[in-house]
Amino acid sequence: MGPLDDRLKRREFLARGARWGGGLVLSTAAADLLAACGSTTAAPASDQQLLSGSGPIPLDILKSRVISVDKGVLNATGIPPEWADYQDILDGMQKNFSVTVDYKAQAEFSSAQEIQAIKSTISGNGFVPDIGDVGPALGVTAVQENLVVAYKNANWKDVPDLMKESSGKYCGEYYGVQAFVVNTKVVTNVPADWADLQKPEYRHKIGIDGDPRQATDAQMAVWSAALANGGSVDNIQPGIDFFNHLKSSGNYTPARSDKAHMQTGEVGIGIFWDYLGLGFRDSFAGNPDIKVVIPPSGSLAGYYVAIVSKYAKHPWAARLWNEYIMSDEGQNFYLKGYAHPARYLAMASAGKIPADLAAKLPSSDQYKNVKFVTPDQQTKAKDALAANWTG
Amino acid sequence: MSVATERIAPTVGAGARTVPPAGFRRSRLAFPLLVALVVGTLYFLIPLLATIQSSLDEGRGFTFDAYRNFLRDGDFYRTISTSLFYAFLTVVGSVVLIFPTAYWVNLRMPWFRPVMTLVTFLPFVIPPVILSLALQQAWGGTGPIPIALVGTPLLLAGAYVVLSFPYMYGAIDNGLRAMDIHTLTEAAQSLGANLGTILIRVILPNLWPAVVSGALLSFSIVMGEFVLASLFNYFTFPIYLNYRGQNEPHVAAALTVFSFAITWICLGLIQLLSRRAPGAAPVATR
Amino acid sequence: MPLAWLGVLPFLIFAFVFLGLPTVLVVIGAFTDANAHPTLGNFSILTQHNVLNAYQTSIAISAVSAVGGAVVGFLLAYAALHEASYRWIRPILVTFSGVASNFAGVPLAYAFISTLGFTGTLTLLLNNVFHISLEQMGFSLYTFWGLALIYLYFQIPLMVLLMVPTIQGLRREWREASESLGASTAQFWLHVGLPILTPPVLAASLLLFGNAFGAYATAYALAQGGINLVSILIGYFVAGNISFEPNAADAMASGMIVIMTFCILVFSVLQRRTSRWIK
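About the thresholds
Residues numbered from 1 in each chain as written. Chains lettered and ligands numbered in written order. Predicted model: local features only at pLDDT ≥ 70, side-chain atom pairs only at ≥ 80, totals over all residues. Heavy atoms only, no water. Helix = DSSP H or I, 4+ residues; strand = E, 2+ residues; numbered from the N terminus. Buried < 20%, exposed > 50% of the residue type's maximum accessible area, 1.4 Å probe, protein only. Contact = heavy atoms within 4.5 Å. Salt bridge = Lys/Arg side-chain N within 4 Å of Asp/Glu carboxyl O. 1 Å grid on protein atoms, 1.4 Å probe; cavity = no way out; pocket = protein on both sides within 12 Å on 5 of 7 lines; lining within 4 Å. Points joined across faces, edges and corners; volume = space filled by probe spheres on them. Nonpolar A, V, L, I, M, F, W, Y, C, P; charged D, E, K, R; others polar. Buried area = accessible area lost by both parts, 1.4 Å probe. Polar contact = N/O pair within 3.5 Å; in protein donor to acceptor, adjacent residues only side chain to side chain. Axes fitted to C-alpha atoms, helices over the stretch in contact; angles between N-to-C directions. Parallel < 35°, antiparallel > 145°, perpendicular 65-115°, else oblique. Left-handed = near helix turned anticlockwise from the far one by under 90°. Expected span 1.5 Å × (residues − 1). Bend = angle between axes of the 7 residues up to and from the residue. Pairing = 2+ DSSP bridges.

A. Representation of the overall build of chain B within the structure. Across its full length, chain B holds eleven helices and zero strands. Overall, chain B shows an N-to-C arrangement of helices and strands of α-α-α-α-α-α-α-α-α-α-α. The 286 residues of chain B split such that 59% are buried. A separation threshold of at least 6 residues defines the contact pool for chain B, and within that pool the share at least 24 residues apart is 77%.

B. Region of the structure containing the pattern of salt bridges. According to the stated counting rule, one finds 19 salt bridges over all chains in the structure shown. When the shortest N-O distance is used, the salt bridge between A:Asp196 and A:Lys199 registers 3.8 Å. Two residues, C:Arg175 and C:Glu179, come together in a salt bridge whose shortest N-O distance is 3.3 Å. Taken together, the residues C:Arg175 and C:Glu179, both in helix H7 (residues 172–180) and four residues apart, mark about one turn of the helix.

C. View of the layout of surface pockets. Size it by volume and the second largest pocket reaches roughly 1,100 Å³. Along the wall of the second largest pocket there are 40 residues; nearest its centre are A:Gln263, A:Thr264, B:Glu58, B:Pro249 and B:His250. Secondary structure elements with two or more residues in the lining of the second largest pocket: helix H10 (259–264) and helix H11 (274–284) of chain A, helix H1 (31–56), helix H2 (65–71), helix H10 (237–247) and helix H11 (249–276) of chain B together with helix H4 (106–116) and helix H5 (121–128) of chain C. Grouping the constituent residues of the lining of the second largest pocket by class yields twelve nonpolar, 18 polar and ten charged.

D. Summary view of the interface of chain B and chain C. Contact with chain B, which involves 95 residues of that partner, is made by 95 residues of chain C. Of the roughly 8,600 Å² buried where chain B meets chain C, counting both sides, 74% is carbon and sulfur surface. Linking chain B to chain C there are zero salt bridges. Counting every contact that joins chain B to chain C gives eight residue pairs in polar contact (both at pLDDT 80 or more).

E. Examining the packing of helix H8 (residues 185–213) of chain C against helix H11 (residues 246–274) of chain C more closely. Residue and element names in this part refer to chain C. Direction vectors running N to C along H8 and H11 enclose 160°, while the axes themselves pass 8 Å from each other. Between H8 and H11, the angle falls in the class roughly antiparallel. Of the two elements, H8 crosses H11, and the hand of that crossing is left-handed. Within the contact between the two elements, H8 uses Pro199, Pro200, Leu202, Ala203, Ala204, Leu206, Leu207, Phe209, Gly210 and Phe213 and H11 uses Met256, Ile259, Met260, Phe262, Cys263, Ile264, Val266, Phe267, Leu270, Gln271 and Thr274. In the contact of H8 with H11, the residues fall into 18 nonpolar, three polar and no charged.

F. Geometry of helix H6 (residues 144–169) of chain C. All names here are of chain C. Taking 1.5 Å per residue, 26 residues should reach 38 Å; H6 reaches 36 Å between its end C-alpha atoms and fits that length. At leucine 152, H6 is deflected by roughly 35°, the largest bend along its length. For H6, the buried fraction is high: 22 of the 26 residues fall into the buried class.

G. Local environment of the pairing of strand E7 (residues 269–273) of chain A. Residues and elements named next belong to chain A. With five of its five residues buried, E7 lies for the most part within the structure. Where strand E5 (residues 171–183) meets E7, five bridges bridge the pair, whose relative direction is antiparallel. Considered in E7, the bridge of valine 181 is made with glycine 270. Note: strand E6 (residues 206–208) against E7, three bridges, orientation parallel.

This is the structure in structure tokens:
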């Protein structure tokens, strides 16, 4: 089983995700092609036209406007540097385009708060984020509340249909899957699947990444538990029941599975995104030793989408950011951070993924049973949690 | 967030225990009281010691690394400046608003005092979470007056001034009632002073300990306020503390020690001042 | 005479803008529906499982930390003021109480995690040196009782600050008079001490209750929404994480306001009664 085989399997897995979007892929591609043909008229478009169009804007125009108009600044929220290797992407913006990303490190920037940040600054006061990195349900909210503009980057067609909004109002960037992240210093037997978590030896050990009513990451953990316990992508209740059971048996701890708690062992088994867990593993460098296990009986894939704020103060920088994260370099940075880039399938078949990078992800066997969800299903799950999750 | 220190339980610097008359047998401290003292001391000291220990020891022996870590972080200075900025705005705004008002009420409208008390007590009834909900509905751009203040410095400063009401008014009002402002005012007026001069050059110097008392308390509150800053997305020091705390346990402990030191310094100063303040009489009812 | 109002006008305007108007909007919102028609229907949210549970937990933790804080705080204050204890205890206790009653929120939560978390200093010390495993005894900091323990850290000092002037007002002469009439210690307390002290102690306990009920940051920093409290739920609504109807959120908030108002009102009334005896 060489790396090539692994890549093929992964491709398969991603293809299933793409096919999930249904037959819309072809028709969207055709529509894009037609639109592209239609827009290449002879006269160069004015700045105003470029900004109000749905892109893509040629890179050299973006590069020059970003300095001349936006003064080389981008205001961002919700992109912690240690999340899916945003550090390299932030550095890349600086190095390649001389754009300084003014990143507000309020760690509580759940997707909902990112939307709130855009909303509450409609008057243009305070910190106005130009872009956002949100879960798809919040992406839908942002579209419904008219907070974002359409922008289709140069690599739009490579993104699987289910991960983007058809008119360009949000675009999937990367995704990960729910995994058990285990601190082997405080947990001797690494659990292999959901059923194992009920064992008494894991008393006070199991945690998720915050409150599922608040954070997509935590919501997906509960939902993945649902998959493993008789639930489905349409029914999250068994997951809530599962965690209630863990609470009453004492195995569950409300302590958040953040980096600090994983490191000290305050949380022994954290259930959250695989790319975070793998990132922690590297960062701790053996102190403590972290194992990442993707539970075969239930794991959901969660993707995050990029949005461009309608009220962006730096509209060129916002679009440049969009182009950069969806470019080969940007997508490979996500991969370096252990997240699956949205364009993985297309890039792999075009041979744009370095073999060593591809080898760093866990073997694609583990991703066999991963499921995707639609924004509608996510909204439904969110409501169910709001009504039934009692912390 | 704690409430009601200065206002309801004002300084107890004055007044000592009563001393037993000579010849009266000196009783011993009952056992439960002794236990309370010991347990109390342990309960309060141990978390502090544990935090200090955690900030100095990352598992590799004694080190100041955790402190060096945040002292080198640009965001630390950024958030401290932001918090200091708001603290300054709040203190100045609060004093400018409350001092002349309290003076005026004491001088000319003593019957208005219950209203003042009521208004300044309201922040106790409306804890910061509710205040944030209320402010969002009023000034989030969708209220009856469609101005969006949420996200502006004005809103947070305004909210913080409101939170400081009970303490600032309590301190200043107590101070004013302990001095004879009528005589002072008349005397100054007879010498030809106008209202502004009276306030700033006659009353304020006498009121200084009370004002500083209220100011320090408000300062401490603003430096530690988390709810409003977090819900309205302002990047202040407590937000920074929480953020670091989620990533590095020892830096969090170091920042906690730092935060506690700030509180300690502020309130320690108040205690020192109140001991010397003229007429810091305990007030039992309001 | 009307001109005198100018003096208080800036203050009143400010209070209206940043406190009065917002509060009124919330209260009105609780009693109106989406079309601004008066209704009591919003309060049905209080029966929703999640919300009811939050109220129960909030009330419970406020009660527990208020009682605990009141008892320990009273004992500490009394012990410090007792003639038999050293003179230096009182100023230290009062100073520390002043600081500690304000040391709440995020740093307090982290301090306790450092101490009593599963990998906290004290936990490990007890485990390794004294072979006492808190965890096996069923203790977890991230539970209701853990949070109550943390709340005590600012509740007890608040009680101390409230009680010191009151206990100081308990005149020594009363004790001497009752002793000279032949009463025992128990009789003194039963017939003199407790009747006088009950109102202020009760008042202070109510204040402690309100203090805990409105608290947000400490619980949030400790466990996010892991301990289901009303303040956390409202916070989630403000941040846009939970979608209640705005009017329903107003109803929840009004419920909280009612409880807080009750506490402060009764506190004021009882304090007034106290001042009859204790000047």
